[in-house]
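Tertiary structure, described
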Amino acid sequence: MSHWLIRIFIKDAENTGDARVRNAYANLACVTGILCNVLLFAGKFAVGTLFGSVAIAADAMNNLSDASSNIVSLVGFRLGARPADEKHPFGHARYEYLAGLVVSVMILVIGIELLKESVTKVLHPTPVAFGWLSAAVLVASILIKLWMSLFNKKIGTLIDSETLLATAADARNDVISTAAVLVASLAAVATSFTRLDGLAGVAVAAFILYSGVGLVRDTLDPILGAAPDPELIERIERKVMTYPNVLGIHDLMLHDYGPGNRLVSFHVEMPAGADVLQSHDTIDTIEKDLLREEGLIATIHYDPVVTDDAHVNELRSFLTETAARLEPDAAVHDLRIVPGTSHTNVVFDCAVPPDYLTGKNQRAGRLANALREAVREKWPDHFCVIRMESNYGAAKLKEASDLQTRG
């Protein structure tokens, strides 16, 4: 079914990098979702009203909220597709994130209303008539929602859309909640425990609220500026290090202006003695390759590194090893020395995860003091001037590493 819809409605379906193709995929997913959810709402609401089941009616309202969510997503995609203009030079793609946030809030509102109605049914239960028609509608709903989850996940993955991936997760949750309503309804009829229908409604409402809170958090992250994907950071760093004369990369920051509109900036360390024009050409090549292969608009700062001074090299190795031993997530860069008559200043930056700088345990300050003492112990006339800075990707990389270790 999914392949048939894509073949019929999407022209040049393989070219997902094209904005028009991406919008066609998004429109197909949203319109399909609207039609399916309206159909499910009508069927469930009719059955729930006919047989007096608040649980089925609650599940019907959940489908209505899903249809509303699809409409909001459709509007978000349409607004986000507008080209850049004088007031918005980076385009309007963040409308997609805002649409996702509105959808999440709507889910929370629906969940609260359903919870109130279900609690009333628990306190004042009424008999529930449940027959084969009710069961058939719920089973059909489970099958349709399962397909919708797979369909939205497929398209969301193809066009890299967090909104559609969230829609897929919501449809998957609906499969679980509808199955719970089906089981509860059958149990209520079999046991004559009339409060079970209201309790099932409470469970469905709680599940909707739980999903809504998670979706709010997920849609807020890109708006607030969440840390970039650790796999993308690692991929960028690994790629940049393959170019000639690149000695290191640091201060990597990713700026997300919406799907398909991301900017990246970082510093590359290259030998100070290398030909300047050749280094500039290498940086230009890196920027072009990142745009072509990752869709990233890159701005790269060139950091010349002295490689023919034995003492600077010794200091760099010592500080790198010491920092790694004290704090595995720390990284030293931009080292230079300023000799004087009475002492020598050792100037460098030390990048650490953001929470090292803001935490009450003063982790960054303690690391800086430990590095100063280590250098002073080895070279008594050397004094460290350290600028502690945030490594915006380090926290996510550490989190991913911890998950792999636990796995």
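This section reports on the structure supplied with the text. Here the residue index of a chain counts from 1 through its sequence in written order. Local features are withheld for residues below a pLDDT of 70 in this predicted model, meaning they are given only at 70 or higher, and side-chain atom pairs are given and counted only at 80 or more; totals for whole chains, interfaces and linings count all residues. The side-chain quantities take in all heavy atoms of the structure and omit both hydrogens and water.

Pairing of strand β4 (residues 331–339) with strand β5 (residues 344–352), which is carried by seven bridges, proceeds in the antiparallel orientation. Within β5, the residue paired with Arg 336 across the bridge is Val 347. The turn joining β4 and β5, which pair antiparallel and follow one another in sequence, is formed by four residues. Whether two strands pair depends on DSSP finding at least two bridges between them. Note on conventions: DSSP H or I runs of at least 4 residues are helices, E runs of at least 2 residues are strands, and numbering of each starts at the N terminus.

With respect to the secondary-structure elements, Arg 22 resides in helix α2 (residues 19–51). Classification of Arg 22 as buried rests on a relative accessible area of 12%. We define a polar contact as two N or O atoms separated by no more than 3.5 Å, with the added condition that, inside protein, one atom must be a possible hydrogen donor and the other a possible acceptor, whereas residues neighbouring each other in sequence contribute only through side-chain atom pairs. From its side chain, Arg 22 meets the backbone oxygen of Ile 159 in a polar contact 3.0 Å long. A contact between two residues is defined here by any heavy atoms of the two lying within 4.5 Å. Residues in contact with Arg 22, not counting those within four places in the same chain, are Thr 16, Phe 77, Glu 96, Ile 159, Asp 160, Ser 161 and Pro 259. Residue burial is assigned from relative accessible area. The probe radius is 1.4 Å, only protein chains are included, and a residue is buried under 20% of its type maximum, exposed over 50%, and partly exposed in between.

Turning our attention to the pattern of salt bridges. We define a salt bridge as a contact between a side-chain nitrogen of Lys or Arg and a carboxyl oxygen of Asp or Glu at a distance within 4 Å. According to the stated counting rule, one finds 11 salt bridges in the structure shown. A salt bridge links Lys 145 to Asp 66; its shortest N-O distance comes to 3.0 Å. Highlighted residues: Lys 145 in helix α5 (residues 132–159) and Asp 66 in helix α3 (residues 54–80), separated in sequence by 79 residues. The same class applies to Lys 145 as to Asp 66, namely buried. Of the charged contacts in the structure, one is a salt bridge between Glu 294 and Arg 235, with a shortest N-O distance of 2.7 Å.

Before going further, it helps to examine helix α9 (residues 276–294). A rise of 1.5 Å per residue sets the reference length of α9, with its 19 residues, at 27 Å; its end C-alpha atoms lie 27 Å apart and thus fit the reference within 8%. Here α9 has its buried residues at Ser 279, Thr 282, Ile 283, Ile 286, Asp 289, Leu 290 and Glu 294. Summarising the axial view, the buried residues of α9 lie within an arc of 125 degrees, below the 170-degree limit, and thus occupy one face. Of the residues in α9, the exposed ones pointing more than 90 degrees away from the buried face are Leu 277, Lys 288 and Arg 292. Contacts made by the buried residues of α9 are with α8 (230–240), β2 (262–271) and β3 (296–305). Among the residues of α9, the N-terminal cap falls to Asp 275, whose side-chain oxygen and the backbone nitrogen of Leu 277 are separated by 3.1 Å. Just beyond α9, the residue with positive phi is Gly 295, at close to 70 degrees. Residue count minus one, scaled by 1.5 Å, sets the expected span of a helix. Within this analysis, the arc is defined by the directions that extend from the helix axis to the C-beta atoms.

We now examine the packing of aromatic side chains. Under the pairing criterion, centres of Phe, Tyr and Trp rings, with the six-membered ring standing for Trp, must be within 6.5 Å; the plane angle then separates stacked pairs below 30 degrees from edge-to-face pairs above 60, leaving the rest tilted. Tallying each qualifying case throughout the model produces three aromatic pairs. Summarising the aromatic geometry, the rings of Trp 147 and Phe 151 are spaced 4.9 Å apart at their centres and angled 10 degrees between planes, so their arrangement reads as stacked. You can see Trp 147 and its partner Phe 151 sitting in helix α5, four residues apart, about one turn around the helix. Seen from their ring centres, Phe 318 and Trp 379 are 5.4 Å apart, and the 85 degrees between their planes marks the pair as edge-to-face. Here Trp 379 lies in the loop between α12 (363–378) and β6 (382–390) and Phe 318 lies in helix α10 (residues 310–326), a separation of 61 residues in the sequence. Positioned above the aromatic ring of Trp 379 is the side chain of Lys 378, whose terminal nitrogen or guanidinium carbon lies 5.3 Å from the ring centre. Both a distance and an angle decide whether a charge sits over a ring: NZ of Lys or CZ of Arg must be within 6 Å of the ring centre and within 35 degrees of the ring normal.

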